[in-house]
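Read off the chains here:
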Amino acid sequence: MPTPPEEIRTEPPPGSPDDGEDLRWDGIDATPGQIQTRPLDARDCEVLVSMRSGASGIIGSVGAMAAIIGIVLAVTGIYSLDIRAIAAIVFGVVCVLAVPAFLMSKEDARLRSDLDTGIKLIISGRIDRMGSEEGDGPGFVTVLIDETPSRKLEFFVEKRLYQLVKPEDIVRIAYVPLSKTVLQLRAGHCSYSRRPDPSKGGANMAA
């Protein structure tokens, strides 16, 4: 009986961007729980740089926007509001805008630290649990590491990777430790390598 198209999973050709060369299943590479450390290569750095949101600039923009809102409220005829009401409105707007900017700034800091550290970790394990608000990704993937005692690592992965794997898959993952970004993954039926954001490219490599 033919395999349905959605169940067909092909292995990329050797040397392709998704080949997963760093994750070969041989020798010590296949030892459960054995963590390896390798330097980030140029492609890894390009991926991490392209993920940065530039949140420091966003936070500056939030401050400027708050000042503009305050001025507009003060000069456009809202005479029924006293200075405390205006301040409360400005504070509320700033909070709404600043919270996501602050979270993006923290993520940017983690990515910057991963770039500065310059290493990726490689580990083998089993996918224990998956979850996505959209159902088909992006979402969280929990990997059970076979150690004594066992431990779990949780990653937030892009949609393309989320759709490649399933619970109980035995996987080998290369990731950076602070932002928990999965750079590469290899399983028995698939191989994955994260691609740089094409809208950003490597233009900010020195940022």
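The rules behind each value
- Residues numbered from 1 in each chain as written.
- Predicted model: local features only at pLDDT ≥ 70, side-chain atom pairs only at ≥ 80, totals over all residues.
- Heavy atoms only, no water.
- Helix = DSSP H or I, 4+ residues; strand = E, 2+ residues; numbered from the N terminus.
- Contact = heavy atoms within 4.5 Å.
- Polar contact = N/O pair within 3.5 Å; in protein donor to acceptor, adjacent residues only side chain to side chain.
- Pairing = 2+ DSSP bridges.
- Buried < 20%, exposed > 50% of the residue type's maximum accessible area, 1.4 Å probe, protein only.
- 1 Å grid on protein atoms, 1.4 Å probe; cavity = no way out; pocket = protein on both sides within 12 Å on 5 of 7 lines; lining within 4 Å.
- Points joined across faces, edges and corners; volume = space filled by probe spheres on them.
- Nonpolar A, V, L, I, M, F, W, Y, C, P; charged D, E, K, R; others polar.
- Core = buried A, V, L, I, M, F, W, Y, C linked by side-chain atoms within 4.5 Å.

(A) Broad picture of the environment of serine 179. Residue position: serine 179 is located in the loop between β5 (170-175) and β6 (182-187). Those residues within four positions of serine 179 in sequence are excluded, and the remaining contacts are Glu107, Arg110, Leu111 and Asp114. Within polar-contact distance, the side chain of serine 179 engages the side chain of aspartate 114 at 2.7 Å. There is a polar contact of 2.9 Å between the side chain of serine 179 and the side chain of threonine 181.

(B) Inspection of the pairing of strand β4 (residues 151-157) at higher detail. Pairing analysis gives 7 bridges linking strand β3 (residues 139-145) to β4, with the strands arranged antiparallel. Residue valine 141 lies in a different strand from β4, and its bridge partner there is phenylalanine 155. In textbook terms, the turn of a hairpin is the stretch between consecutive antiparallel strands, and for β3 and β4 this stretch comprises 5 residues.

(C) Structural view of the side chain of serine 50. Here serine 50 shows up in helix α1 (residues 42-51). Note on serine 50: relative accessible area 1%, which makes it buried. Among the polar contacts listed, one links the side chain of serine 50 to the backbone oxygen of valine 47, at a separation of 2.8 Å.

(D) Looking closely at empty space enclosed by the protein. Applying the stated criterion across every chain yields a total of 1 cavity of 30 Å³ or more. The calculated volume of the largest cavity comes to roughly 40 Å³. Taken together, Ile127, Val141, Val143, Phe155, Val157, Leu161, Val165, Ile173, Val182 and Leu185 form the lining of the largest cavity. When the residues that make up the lining of the largest cavity are grouped by side-chain class, the tally is 10 nonpolar, no polar and no charged.

(E) Geometry of the nonpolar core. With 21 residues, the main nonpolar core has Phe155, Ile173, Val182 and Leu185 as its most contacted residues. Elements represented by at least two residues in this core include exactly β2 (119-131), β3, β4, α4 (159-162), β5 and β6. With 4 residues, the single largest contributor to this core is β2. For phenylalanine 155, the contacting residues outside a window of four places in its chain are Gly139, Phe140, Val141, Val143, Ile173, Tyr175, Lys180 and Val182.

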